[in-house]
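One-letter residues, chain by chain:
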Amino acid sequence: MTSRLSPWLTLVVMLLTLPVLAAEAQRTGTWGAYVKEQQLQLSLQPKDRPDSHHGFSAPLADFQGLSTAEGSSAPFKLVREAGTFDFEGRFKDGQGVGTWRFTPDASFTKKLGELGIPKPDTDEQFLLASVNVGPRRVQALAAVGQKVITVDELVQVGIFNVTPEYVRAMAAEGYPKLTIEQLVSCRIHNVTPERIQGLAAMGFKGLPLDSLLAMSIHGVTPDFVREMRSLGFKDLGADDLVAMRIHGVTPAFVKEMRDAGYENATADDFVSMRIHGIDSIFVRSMSKKRK
């Protein structure tokens, strides 16, 4: 008798356990938000991690049932490929507070697996939902020659907004075979098609990616190049300009040191001065000592 009942008991246990598992998969907590430039800026505090805050933003149009009107308390939701955020609370004086619940999409990990991406854990799926990336982005990037192969890569793609449009724009500017890692680096350091075009107009065409990144990281803008050329530095290369920015050789510093008597100093001279802490104050103090 026991052997005949055992399968039924097993099935009952499984059915009773399913809601529990679903509840455990959900995450809950409190939220705060405000509207900026047609985006809802959200800060989520998980219930199980009271010292943690997770912030992200999304266009107002992406929310279902959202009203930010004074006193509004209607529940609203944000549906993503990775799962759904449900919000309850109230808006007052342009800000909202309340509680949230995140329910993972059960089919999400399977769809990623079909694309060759390992199964994300609970935290990763939550993060992928907040940065709004999933199988659709993976497929769209694959269509322009970019293969995402890990969950971490997909997270980076979402956080730094590596889109097919950006990949095509970079290719059009002469960078057609960048890796996902390189594209993420370009996004982090604000390497835009407009920046590339601006530097090209100043004569810096077809720069190696490392040089382009260095110029972006250290603030070598077309305006900086233009200012330095107006001071007589007309033939400086990318590395020279980067060195100037790294060591704080600004147009103001060049003028200051020329007024102090260094009219014929070269770019390398000015960099050396900065490295060794020589400025107009130091020059004047040395002149007084000689007297």
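As shown above, the structure is provided for reference.
Treat the numbers as computed from the prediction; the structure is a model and nothing was measured.

(A) Spatial organisation of the overall build of the protein. Per the secondary structure count, the protein includes 14 helices and seven strands. Seen through its principal axes, the protein has C-alpha atoms that stretch 110 × 45 × 35 Å. In the protein, buried positions account for 36% of the 291 residues. Sequence separation of 24 or more characterises 46% of the internal contacts of the protein that already satisfy a separation of 6 or more.

(B) Examining helix α4 (residues 135–143) more closely. Looking only at α4, the buried set comprises Pro 135, Arg 137, Val 138 and Leu 141. When α4 is viewed along its axis, its buried side chains cluster within an angular range of 165° and face the same direction. Pointing more than 90 degrees away from the buried face of α4 are the exposed residues Arg 136 and Ala 143. In this structure, the buried residues of α4 make contact with α2 (108–114), α5 (151–159) and α6 (164–172). Directly after α4, the chain includes Gly 145, whose backbone phi takes a positive value near 90°.

(C) Main features of the packing of helix α3 (residues 122–130) against α5. Packing of α3 against α5 brings their axes to within 9 Å, and their N-to-C directions diverge by 25°. When the axes of α3 and α5 are compared, the pair comes out roughly parallel. The two elements α3 and α5 meet at a crossing, and its hand is left-handed. In this structure, α3 uses Glu 124, Leu 127 and Leu 128 to contact α5, whose residues at the interface are Val 151, Leu 154 and Val 155. In terms of residue class, the contact of α3 with α5 is made up of five nonpolar, no polar and one charged.

(D) Representation of the pattern of salt bridges within the structure. If you walk through the whole model with that rule in mind, you get eight salt bridges. Ionic pairing is found between Arg 136 and Glu 81, a salt bridge with its closest N-O pair at 3.9 Å. Residue Arg 136 is found in helix α4, and its partner Glu 81 is found in the loop between β5 (76–79) and β6 (83–92); the two are separated by 55 residues along the sequence. Owing to a relative accessible area of 58%, Arg 136 belongs among the exposed residues under this scheme. Salt bridges linked by common partners bring Arg 27, Arg 49 and Asp 123 together as one network.

(E) Molecular detail of the pairing of strand β1 (residues 27–36). Relative to strand β7 (residues 95–104), β1 runs antiparallel, the two being bridged by eight bridges. Within β7, the residue paired with Gly 32 across the bridge is Val 97. Sheet topology places β1 next to strand β2 (residues 39–46); eight bridges connect them, and they run antiparallel. When the sheet's bridge partners are listed, Gly 29 is paired in β2 with Pro 46. Connecting β1 to the antiparallel partner β2 that follows it, the hairpin turn spans two residues, and Glu 37 within it adopts a positive phi of roughly 50°.

(F) View of the sheet that holds strand β3 (residues 54–59). Taken in spatial order, the seven strands make up an open sheet running β3-β2-β1-β7-β6-β5-β4, and their pairing is antiparallel. Each having just a single partner strand, β3 and β4 (63–64) make up the two edges of the open sheet. Pairing of β6 with β7 involves ten bridges; the strand directions are antiparallel. If you follow Phe 91 over to β7, its bridge partner there is Gly 96. Across the sheet, α3 touches β1, β2, β3, β6 and β7, and the angle it forms with β7 is around 125°.

Cut-offs applied
- Residues numbered from 1 in each chain as written.
- Predicted model: local features only at pLDDT ≥ 70, side-chain atom pairs only at ≥ 80, totals over all residues.
- Heavy atoms only, no water.
- Helix = DSSP H or I, 4+ residues; strand = E, 2+ residues; numbered from the N terminus.
- Buried < 20%, exposed > 50% of the residue type's maximum accessible area, 1.4 Å probe, protein only.
- Contact = heavy atoms within 4.5 Å.
- Arc of directions from axis to C-beta.
- Axes fitted to C-alpha atoms, helices over the stretch in contact; angles between N-to-C directions.
- Parallel < 35°, antiparallel > 145°, perpendicular 65-115°, else oblique.
- Left-handed = near helix turned anticlockwise from the far one by under 90°.
- Nonpolar A, V, L, I, M, F, W, Y, C, P; charged D, E, K, R; others polar.
- Salt bridge = Lys/Arg side-chain N within 4 Å of Asp/Glu carboxyl O.
- Pairing = 2+ DSSP bridges.

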